[in-house]
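Listed below are the residues making up each chain.
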Amino acid sequence: MRFAGTRPTRSWLTAIPASNEMRVGIIGAGQLGQMLGLAARTLGVECCFLDPGEAPPAADCGPVIHAAFDDAAALAELASNADVVTYEFENVPVDALRVLDGKVPVYPPPDALRHAQDRLAEKRLFEHLDIPLPGYHVIDARTDLDAAADALGLPLVVKTRRLGYDGKGQFVVRERADIEPAWDALGGAALIAEQWVTFDYEVSAIGVRSVAGEILTYPLSRNVHRGGILHTSCAPVEAPELERSAASFIEGLLTHLDYVGVLALELFVCGDRLLANEFAPRVHNSGHWTIEGARTSQFENHLRAILQLPLGPTTAVGHAGMVNLIGTIPDAARSLAKGQLHDYGKTPRPGRKLGHITVIADSAADRDRLVAEIEQTVT
Ligand SMILES: Nc1ncnc2c1ncn2[C@@H]1O[C@H](COP(=O)(O)OP(=O)(O)O)[C@@H](O)[C@H]1O
Ligand SMILES: [Mg+2]
């Protein structure tokens, strides 16, 4: 580590030592950037970041260009000092990435980001690839909400097409009387309405594809959300049929998008069926368990893919459980008998992801018991 995150904008360039090491430019220096930066260290790879934050979590892992994500000059500067550029933040303008792509490889491909940024484009991609998904309706006007209720039934969930995360930009319409407030709350943005899925549980499938087209998938993780925010992830899920279906969806997406890097697909499990919810063209919170719980973490494999290094095995090394720490990190989280704490070093704020704890157990039952104990202690 060479500089603190508060170093003035762009002055870091002259201080980068001459080196033959590979350099990765990462757009975004939040906790995902931090975990990529920590994995990069073990590979002997240099990272530099672009982030508007004063002292973002990844600042300990490499120099930070403090600028807006759409600052064209800052993006170009990042690219000119990197062998490859990647992103941990999904709201980077796709056009800005496309410009960089002519100068330095940008992975995952900007076209994957274009699909993930718009729920409608994302759903059309799922349809194109025969990946089953919940019924949906495009909402351009207030009356479309009535039509959606007619077509899909109630409840339904209205979502902004763009910029939603951690359940933000969503409104559940349980009865016709909720349509007006839903429109009042979200009607200023482009919207989509989805059938409310009474799923058994949620899973995510994480896959990685190399430049040469090699694809590996991680074991499925079972995810619990609270208030739209990921609360726990446990892996592996012992459901071979679901595993096979999810892997085929992942392979379809990665191949179609000529993808390089890690991709996460969130799915609803309904009996023996999977319905695709959304995908993220990046490393993902539901894959944090892979740091301790898989032979190669999602972060290391993302770097391996974009740096054209051989991918590492994605098999689980035990039964992993991850509990997110949201809004506060209680003292008890620092003195657990079992469990690895990851403190991102962020300023506490309600609803903010500040850290997580991972446990590895010899059996799913032991893992579930430990996760329940940790949840009781820290949340
Ligand atoms: N159609 C739906 N039916 C039931 N639950 C849903 C539906 N859409 C979203 N949810 C719940 O809300 C969570 C967050 O929604 P998601 O679409 O994944 O948005 P975000 O981009 O905020 O993660 C999901 O993980 C799920 O628990
Ligand atoms: Mg989601």
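Worth saying up front: this structure is predicted, and the values here are computed from it rather than measured. In this numbering scheme, every chain counts its residues from 1 along its sequence in written order. Written order determines the labels here, with chains lettered from A and ligands numbered from 1. Since the coordinates come from a predicted model, pLDDT governs what is reported: local features require at least 70, and pairs of side-chain atoms require 80 or more to be given and counted, while whole-chain, interface and lining totals use all residues. Heavy atoms from the whole structure form the basis of all side-chain values; hydrogens and water molecules are not counted.

(A) Region of the structure containing the site of ligand 1. Proximity criterion: a residue is near a molecule or strand once any of its heavy atoms comes within 4 Å of it. Contacts to ligand 1 come from 20 residues, most closely from K159, G167, E202, N277 and E278. A 3.5 Å cut-off defines polar contacts: any pair of N or O atoms within that distance qualifies, except that in protein one atom must be a possible hydrogen donor and the other a possible acceptor, and neighbouring residues in sequence count only when both atoms are side-chain atoms. Here an oxygen atom of ligand 1 sits 3.0 Å away from a polar atom, N or O, in the side chain of Q170. Here a nitrogen atom of ligand 1 sits 2.9 Å away from a polar atom, N or O, in the main chain of V197. Those elements giving two or more residues to the shell around ligand 1 turn out to be strand 6 (156-160), strand 8 (191-195), strand 13 (261-270) and strand 14 (273-280). Tallied by class, the residues present in the shell around ligand 1 amount to 6 nonpolar, 7 polar and 7 charged. Secondary structure elements follow DSSP: runs of H or I no shorter than four residues count as helices, runs of E no shorter than two count as strands, and numbering proceeds from the N terminus. Each residue is assigned to one class: nonpolar for Ala, Val, Leu, Ile, Met, Phe, Trp, Tyr, Cys and Pro, charged for Asp, Glu, Lys and Arg, and polar for all the others, Gly among them.

(B) The arrangement of the coordination of the magnesium ion (ligand 2) in detail. Only nitrogen, oxygen and sulfur atoms qualify as donors, and only when within 2.8 Å of the metal (3.2 Å in the case of Na, K and Ca); with water excluded, sites may look incomplete. Distances from the magnesium ion (ligand 2) to its protein donors, E266 (OE), E266 (OE) and E278 (OE), fall within 1.9 to 2.8 Å. Of this pair, E266 sits in strand 13 while E278 sits in strand 14, and the two are 12 residues apart along the sequence. Here E266 falls in the buried class, since its relative accessible area comes to 12%. The rule is simple: take the accessible area with a 1.4 Å probe, protein chains only, and divide by the maximum for that residue type; under 20% is buried, over 50% is exposed, in between is partly exposed.

(C) Representation of the sheet that holds strand 2 (residues 46-51) within the structure. In space, the 4 strands of this open sheet follow the order 3-2-1-4, with parallel pairing throughout. Lying at the two open borders of the sheet, with one neighbouring strand each, are strand 3 (64-66) and strand 4 (84-87). Neighbour to neighbour, the strand axes of the sheet diverge by 20 degrees on average, direction disregarded. Between any two strands, at least two bridges found by DSSP are needed for them to pair. Sheet analysis places strand 1 (residues 23-27) next to strand 2, joined by 5 bridges and oriented parallel. Across the sheet, residue I26 finds its bridge partner in strand 2, namely F49. Against the sheet, helix 2 (residues 72-80) contacts strand 1, strand 2, strand 3 and strand 4, and its axis sits at roughly 175 degrees relative to strand 2. In this analysis an axis means a line fitted to C-alpha atoms, helices contributing only their contacting stretch, and an angle means the value between N-to-C directions, from 0 to 180 degrees. Between two residues, a contact is recorded if the distance between any of their heavy atoms is within 4.5 Å.

(D) Layout of the side chain of E122. Position of E122 relative to the elements: it lies in helix 5 (residues 119-128). This buried residue, E122, is left without a salt bridge; R119 holds the nearest opposite charge, at 4.7 Å. In this view, E122 contacts H115, A116, N277, E278 and F279; residues no more than four positions away in its chain are not counted. Neither His nor the chain ends is counted toward charge; the positive residues are Lys and Arg and the negative residues Asp and Glu. The working definition used for a salt bridge is a side-chain nitrogen of Lys or Arg within 4 Å of a carboxyl oxygen of Asp or Glu.

(E) Highlighting the nonpolar core. Grouping buried Ala, Val, Leu, Ile, Met, Phe, Trp, Tyr and Cys residues that are joined through side-chain atoms within 4.5 Å yields what is termed a nonpolar core. Ranked by internal contacts, the top residues of the largest apolar core, which has 35 residues, are V24, F49, F299, L303, I306 and L307. Elements that contribute at least two residues to this core include exactly strand 1, helix 1 (31-43), strand 2, strand 9 (201-209), strand 13 and helix 10 (298-306). Counting residues per element, this core draws most heavily on helix 1, which supplies 5 residues. Residues contacting V24, with those up to four places away along its chain left out, are V45, E46, C47, C48, A82, V84, T86, L303, I306 and L307.

(F) Representation of the pattern of salt bridges within the structure. Tallied over the full model, the rule gives 21 salt bridges. Taking the shortest distance from any N to any O, the salt bridge between E180 and R142 comes out at 2.9 Å. In this pair, E180 sits in helix 7 (residues 179-186) while R142 sits in helix 6 (residues 142-152), placing the two residues 38 residues apart along the sequence. The shortest N-O distance in the salt bridge between R369 and D366 comes to 3.6 Å. Remark: D366 and R369 occur in helix 11 (residues 364-378); sequence separation between them is 3 residues, near one turn of the helix. Residues joined in a network through salt bridges with shared partners are D95, R98, D111 and R114.

(G) Just helix 7, in detail. Along helix 7, the positions that sit buried rather than exposed are I179, A182 and L186. All buried residues of helix 7 lie within an arc of 60 degrees about the axis, which places them on one face of the element. Those residues of helix 7 hidden inside the fold are in contact with helix 6, strand 6, strand 7 (170-173) and strand 8. Working note: the arc is built from the helix axis to C-beta atom directions.

(H) Seen up close, the sheet that holds strand 5 (residues 136-139). In space, the 4 strands of this open sheet follow the order 5-8-6-7, with antiparallel pairing throughout. Two strands lie at the open edges of the sheet, namely strand 5 and strand 7, each paired on one side alone. Direction aside, the axes of adjacent strands within the sheet are offset by 20 degrees on average. Alignment of strand 6 against strand 8, held across 5 bridges, turns out to be antiparallel.

(I) Layout of the confidence of the model for the protein. pLDDT is a per-residue confidence score from the predictor, ranging from 0 to 100. For the protein, the average pLDDT comes to 93, and 95% of its residues sit at 70 or higher. Confidence over residues 1-19 falls short of pLDDT 50; this stretch has 34 contacts with residues more than four positions distant or in other chains.

(J) View of the packing of helix 4 (residues 110-117) against helix 5. Packing of helix 4 against helix 5 leaves a shortest axis separation of 5 Å and a crossing angle of 110 degrees. Taken together, the axis directions place helix 4 and helix 5 in an arrangement best described as roughly perpendicular. Residue-level contacts link H115, A116 and Q117 of helix 4 to R119, A121, E122 and L125 of helix 5. Each angle is binned into one of four classes, with values under 35 degrees roughly parallel, values over 145 roughly antiparallel, values of 65 to 115 roughly perpendicular, and all other values oblique.

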